[in-house]
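Next come the chains, spelled out residue by residue.
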Amino acid sequence: MINVAQTLIRNTDSVFARAYLGVRPERPALMSFLFHSLFRDEREIAMNHVDPLQRTTVAQFRQFIEYYLEHGYTFIDPQDVLNGLKADRKYALITFDDGYFNNALALPILNEFRVPATFFISANHVRDNKCFWWDVLHRERCQRGASPQQIYREGAAMKSMTTEAMEVQLTRHFGTDAFRPRSDIDRPFTPSELRDFASNPYVHIGNHTANHGILTNYPPDQVREQVAGAQAMLTEMTGKTPISIAYPNGGHSLEVVRICREAGLKVGFTVRPEKSALPLGEPDSDLLRLGRFCPHGESSIIGQCRTYRSDVLVYGLFRDTYLRLVRGKVAQ
């Protein structure tokens with residue numbers, strides 16, 4: 001029922017956005033975007049080595065960049081945010097979460113269009129060559145005949161746990177070998193690959209915690225360990241110290257934001273689907289709570305890009321209401 005409602009609301013937003021943009025110009029803003037894996041084609045998606053999440057192919061990623069360039073957007077990175085954004089301009093900021101090796105497929109496009117992107121890395125996964133828990137769940141349950149709905153519900157329930165507890169549970173069900181990567185599709189970067197990747201001028205490395213920990217599931221001392229541990233490891237691996245963080249699953253709180261600021265992080269990204277109005281607000285904590293849109297390959301990329309440009313979107317309100325009233329959570 002929720003998926004049906006989401007689809008209906010997104011379709012409504014799409015229709016309204018087309019009409020809205022036809023009669024009035026969009027307001028200047030920063031729009032940030034979230035991607036995870038990149039696939040060469042549908043064949044790689046069908047291999048089921050990973051949870052397809054947004055199902056974004058390289059061709060769709062190119063479409064996305066071309067669209068916003070054609071509509072007058074300037075692509076930026078977190079340092080540009082700190083340097084200050086002009087109040088009469090339109091900006092786009094690309095992010096990738098987790099640290100998949102397949103993110104390297106973005107490099108030829110970033111180089112071609114001279115567009116930056118920020119890659120938020122879960123440091124332990126790179127260090128340990130370990131699969132992400134949601135990919136293990138997806139792959140193993142698919143092999144056992146579970147439906148997408150069953151896998152989604154099981155994964156959603158696990159998000160109330162620490163990563164360590166999730167991994168113990170999945171290991172008990174599927175064995176330690178389940179966390180061994182199957183191919184270049186599901187594996188993270190190696191430390192040497194990440195260092196080479198980070199040397200590209202259009203690549204910026206961000207903090208995604210040590211173990212992809214959903215930080216609101218941890219006490220403050222363990223939040224510090226997750227954030228500071230990733231800072232130290234990523235600095236050692238890449239030679240560059242991150243200035244930005246993407247909260248895994250969007251999970252953050254005032255306490256989490258405070259700890260991130262103490263760790264030297266200055267820009268933070270949630271998963272709330274919303275624009276950031278210009279000029280960016282005060283106090284500085286607002287820079288640690290920027291929203292992000294999540295384009296997905298199952299619908300027209302061009303249609304989604306147009307919808308995000310609208311200054312009025314129903315989906316974000318629906319999502320906030322659902323999280324607060326049905327799941328008892330603050331929208332992240």
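The sections below set out a description of the structure shown in this document. Counting starts from 1 at the beginning of each chain's written sequence and moves along it residue by residue. Totals for whole chains, interfaces and linings use every residue, but because this is a predicted model, local features are given only for residues with pLDDT of at least 70 and side-chain atom pairs only at 80 or more, for both listing and counting. Side-chain descriptors were evaluated using all non-hydrogen atoms of the structure, hydrogens and water having been removed beforehand.

What follows concerns the pattern of salt bridges. Any carboxyl oxygen of Asp or Glu that lies within 4 Å of a side-chain nitrogen of Lys or Arg is treated as forming a salt bridge with it. Per the counting criterion, the structure on display carries 23 salt bridges. The partner of Glu-255 in a salt bridge is Arg-258, and the shortest N-O contact between them spans 2.7 Å. Separated by three residues within a single helix, Glu-255 and Arg-258 lie in helix H12 (residues 254-262), roughly one turn from each other. Categorising residues by exposure relies on relative accessible area from a 1.4 Å probe, with only protein chains included: less than 20% of the type maximum marks a residue as buried, more than 50% marks it as exposed, and the intermediate range marks it as partly exposed. By relative accessible area, which is 31% here, Arg-258 ends up partly exposed. Measuring nitrogen to oxygen at the nearest pair gives 2.9 Å for the salt bridge that ties Asp-311 to Lys-275. Here Lys-275 lies in the loop between strand S7 (267-269) and strand S8 (276-277) and Asp-311 lies in the loop between helix H13 (301-309) and helix H14 (314-325), a separation of 36 residues in the sequence. There is no split in this pair, since Asp-311 and Lys-275 are both buried. Among the charged side chains, a salt-bridge network with shared partners connects Glu-26, Lys-90, Lys-275, Arg-309 and Asp-311. Secondary structure counts use DSSP, requiring at least four H or I residues in a row for a helix and at least two E residues in a row for a strand, with both numbered from the N terminus.

Any Phe, Tyr or Trp ring, taking Trp's six-membered ring, that has another such ring centre within 6.5 Å forms a pair; planes under 30 degrees apart are called stacked, those over 60 apart edge-to-face, and the others tilted. For the structure shown, the criterion picks out 22 aromatic pairs. Each ring, one from Phe-35 and one from Phe-64, has its centre 5.1 Å from the other, and the planes form 75 degrees; the classification is edge-to-face. Placement of Phe-35 in strand S1 (residues 29-35) and of Phe-64 in helix H3 (residues 58-70) is noted, with a sequence separation of 29 residues between them. Of the two residues, Phe-35 and Phe-64, both sit in the buried class. Seen in terms of ring centroids, Tyr-68 and Tyr-73 are 5.0 Å apart; in terms of plane orientation they differ by 80 degrees. Their pairing is edge-to-face. Its guanidinium or amino end placed over the ring of Phe-101, Arg-187 lies 3.9 Å from that ring's centre, counting from NZ or CZ. Note on criteria: charge over ring means Lys NZ or Arg CZ within 6 Å of the ring centre, with the direction from the centre no more than 35 degrees off the ring normal.

Moving residue by residue along a regular strand, the side chains alternate between the two faces of the sheet. Taking burial as the measure, the five residues of strand S4 (residues 117-121) include five buried ones, the bulk of the element. Every second residue of S4 is oriented toward a common face, with Ala-117, Phe-119 and Ile-121 on one face and Thr-118 and Phe-120 on the other, all of them buried. Here a strand pair is declared whenever DSSP counts at least two bridges between the two strands. Looking at chain direction, strand S3 (residues 91-98) and S4 are connected through five bridges and run parallel. Bridge assignment links Thr-95 to a residue of S4, and that residue is Thr-118. For the handedness criterion, the strands are oriented away from the viewer, and a crossover whose path from the first strand over the helix to the second runs clockwise is classed as right-handed. In this view, the connection linking S3 to its parallel neighbour S4 by way of helix H5 (residues 107-113) has right-handed handedness. Sheet topology note: the S4/strand S5 (residues 203-207) ladder contains five bridges and is parallel.

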